[in-house]
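# Survey of secondary and tertiary structure
Listed here are the chains, written in short residue letters.
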Amino acid sequence: MLNIGGLTHGIVIDHIAVGGAMKIYEYLNLENRDCSVAIIKNAKSNKMGRKDIIKIETLDIDIDNLGVWDRDITINIIENGVIKEKRNPRLPEQVTNIIKCKNPRCITSIEQELKHVFKLTDRSKGIYRCVYCEQAFKKN
């Protein structure tokens, strides 16, 4: 049985779709942070069958846009060893430099310094579109 210690202060990102933990890890730039991070991949879950989990030993992280990567995650804020708050991320109306446009003819492919800006066009399906070329991005 695998045993990962509990957190006194930090964030637990739970119910991540299998394989999604590394994308969130990269987005949060956790490799360059000075805090303990535990990534549990392919853990058993009664709700999902299998899931990924990330435990981060800090509260100093911007978690507001995580819904772009996975709308079904649960974010637990841990203080003094107990869950102080549970959040389900919402989809922001617009995101900048979180997702990249895949259209090779988009201006962002040519002008490397341009920001990748996407607007939410279908909340129910989680579809974002590039503001320059309208290329769709849909995670789940």
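The structure under discussion appears in the preceding block.
Reference entry: report on the structure contained in this document. Everything numeric in this text was worked out from a predicted model, so none of it was measured.

Let us now look at the packing of aromatic side chains. Applying the stated criterion across every chain, the model contains 2 aromatic pairs. With a centroid separation of 6.4 Å and 85 degrees between ring planes, the pair formed by Trp 69 and Phe 137 is classed as edge-to-face. Separated by 68 residues along the polypeptide, Trp 69 in the loop between strand S3 (49-56) and strand S4 (74-79) and Phe 137 in strand S9 (residues 136-138) bring together distant segments of the chain. As far as burial versus exposure is concerned, Trp 69 and Phe 137 are alike and both buried. Pairwise contacts between aromatic rings join Tyr 27, Trp 69 and Phe 137 into one cluster.

Here we take up the state of the cysteines. Applying the stated criterion across every chain yields a total of 0 disulfides. Here Cys 130 is not cross-linked by a disulfide; its sulfur's nearest cysteine counterpart is in Cys 106, at 3.7 Å. Here Cys 130 falls in the buried class, since its relative accessible area comes to 3%.

Conventions we followed
Residues numbered from 1 in each chain as written. Predicted model: local features only at pLDDT ≥ 70, side-chain atom pairs only at ≥ 80, totals over all residues. Heavy atoms only, no water. Phe/Tyr/Trp six-rings, centres within 6.5 Å; stacked < 30°, edge-to-face > 60°. Helix = DSSP H or I, 4+ residues; strand = E, 2+ residues; numbered from the N terminus. Buried < 20%, exposed > 50% of the residue type's maximum accessible area, 1.4 Å probe, protein only. Disulfide = S-S within 2.5 Å.

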